[in-house]
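Spelled out from the first residue to the last, the chains are:
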Amino acid sequence: MPHEFGESFTRHMVTAEWSVEEGWSTLRLGPFADLSLSPATVGLHYGQSVFEGLKAYRRGDGAVEVFRPVDHSARFARSAERLAIPPLPDEVFLEALDLLLAADQEDLPDDPALSLYLRPLLFASEANLALRPARTYTFLLIAFVTRGFFSDTVDAVTVRIGREYSRAVSGGTGDVKFGGNYAPAYLAQEQAVREGSRQVVWLDAAERRWVEELGAMNLFFVFGTGSEARLVTPPCSGTLLPGITRDSVMVLADRLGVPVTEEGITVDQWRQGSRDGSLTEAFACGTAAVVTPVGLVLDGEESWQVGAGKAGPVTLALRDALLDIHTGRAPAPDGWLRTVARG
Ligand SMILES: *Cc1c(COP(=O)(O)O)cnc(C)c1O
């Protein structure tokens with residue numbers, strides 16, 4: 001299938017370096033090409049590396065729009081600071097997006113099902129195996145075309161409660177986009193897939209009771225139906241990643257008149273609520289998959305269906321509200337979009 005996530009990249013990339021002596025270099029636009037790295041590169045050995053993931057969409061009039069780049073830049077800086085990496089200034093982050101989009105926006109076809117996924121990366125590039133923060137860093141920005149989730153049918157996924165491993169701990173790095181958060185999740189993910197589910201539900205590491213995230217997506221729960229519907233999402237307690245999509249869903253829910261609260265929800269509440277019908281929908285959200293409904297939950301010997309086991313009305317309304325902003329069919333809140341004119 002063409003446009004498989006993260007497989008084939010656009011023609012260019014933007015790079016910059018940071019050193020103790022010089023600070024940030026100017027940004028360079030060049031062809032997408034292999035890097036030349038010392039075998040002693042700090043980022044490879046000790047994982048001093050952070051990233052972002054954001055999308056650009058083609059609007060009806062041909063312009064390209066980046067979704068919430070200022071918020072992604074702020075999170076990129078927060079991630080960097082947590083890993084003792086010098087943060088990239090916001091204006092440099094935005095300039096890098098402009099440079100790459102000016103060069104590569106023709107790679108994004110005029111097809112509303114496709115978007116451009118932008119991947120900023122910042123890693124320690126110094127060749128030195130001392131256990132201390134590196135003295136040189138490389139920033140780069142690459143992009144690939146990806147399939148949006150534009151069809152009218154949205155398949156609900158089966159998920160598995162992860163009981164063996166933890167994704168994040170209090171005081172750790174779970175609240176930032178640090179490269180080292182992802183590989184430790186692979187075993188749990190493989191196990192979930194072996195058992196016929198798509199993703200792992202991460203619980204809090206201390207009590208293994210509170211629901212935190214689904215794979216690398218944030219979770220929302222709907223209680224009630226119709227005008228009584230309300231949304232619940234776990235609070236940003238420091239062990240979940242504060243998603244920009246999560247924040248966007250909260251803003252759009254408010255626009256739709258659906259109240260949202262950030263409050264803890266346990267696995268028991270999820271199971272009980274699904275069985276007694278008070279919990280009517282659940283969905284996950286993130287930049288890559290936008291909004292993904294949860295239909296069935298597996299937990300050891302137990303399993304339960306959420307609502308009707310398919311995308312519910314609140315989930316679909318929020319997904320449509322988000323897609324309408326991406327495609328320019330609905331006005332975005334101030335400051336959400338950065339427009340790059342067709343070159
Ligand atoms: C990136 C990410 C998310 C989603 O964040 P968005 O800004 O909405 O893309 C959620 N959880 C984890 C662990 C992530 O890495």
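Note that this is a predicted model, so its numbers are computed, not measured.

Trainee: Quick one: what's the story with the domain arrangement of the protein chain, residue by residue and with numbers?
Mentor: If you check the domain split of the protein chain, you get domain 1 (8–146) and domain 2 (157–326). Distance from the C-alpha centre of domain 1 to the C-alpha centre of domain 2: 28 Å. Each partner contributes to the interface: domain 1 provides 19 residues, whereas domain 2 provides 20 residues. The three residues of domain 1 that bury the most area against domain 2 are F51, R75 and R82, which together make up 32% of that side's buried surface. On inspection of domain 1 and its partner domain 2, the count reaches one salt bridge. For D247, the salt bridge is made with R68, and the minimal N-O distance between the two is 2.8 Å. Joining domain 1 to domain 2, the criterion identifies 11 residue pairs in polar contact (both at pLDDT 80 or more).

Trainee: Report on the layout of surface pockets, specifying residues and quantitative values.
Mentor: There is about 170 Å³ of room inside the second largest pocket. Together, M13, F32, A33, L35, F51, R119, L121, L140 and I142 line the second largest pocket. Of all the elements in the fold, those that place two or more residues in the lining of the second largest pocket are β7 (114–124) and β8 (136–147).

Trainee: Just give me the short version of the environment of A330, but keep the residues and values in it.
Mentor: Topologically, A330 is positioned in the loop between α7 (313–326) and β18 (337–340). For A330, a relative accessible area of 22% translates into the label partly exposed. Not counting the four nearest positions on each side in its chain, A330 is found in contact with D324 and I325.

Trainee: How would you sum up the pairing of strand β12 (residues 217–223)? Please name residues and give values.
Mentor: Most of β12 is tucked away: seven of the seven residues are buried. As judged from the two bridges shared by strand β11 (residues 211–214) and β12, these two strands associate in the antiparallel manner. Bridging across to β12, E213 finds its partner in N218. Where β11 folds back onto β12 in an antiparallel hairpin, the turn is made up of two residues, including G215, whose phi is positive at roughly 55 degrees. Looking at chain direction, β12 and strand β15 (residues 279–286) are connected through six bridges and run antiparallel. Note on β15: the bridge partner recorded for L219 is A284. Sheet topology places β12 next to strand β13 (residues 230–233); three bridges connect them, and they run antiparallel.

Cut-offs and rules
Residues numbered from 1 in each chain as written. Predicted model: local features only at pLDDT ≥ 70, side-chain atom pairs only at ≥ 80, totals over all residues. Heavy atoms only, no water. Domains from an automatic or database assignment. Contact = heavy atoms within 4.5 Å. Buried area = accessible area lost by both parts, 1.4 Å probe. Salt bridge = Lys/Arg side-chain N within 4 Å of Asp/Glu carboxyl O. Polar contact = N/O pair within 3.5 Å; in protein donor to acceptor, adjacent residues only side chain to side chain. 1 Å grid on protein atoms, 1.4 Å probe; cavity = no way out; pocket = protein on both sides within 12 Å on 5 of 7 lines; lining within 4 Å. Points joined across faces, edges and corners; volume = space filled by probe spheres on them. Helix = DSSP H or I, 4+ residues; strand = E, 2+ residues; numbered from the N terminus. Buried < 20%, exposed > 50% of the residue type's maximum accessible area, 1.4 Å probe, protein only. Pairing = 2+ DSSP bridges.

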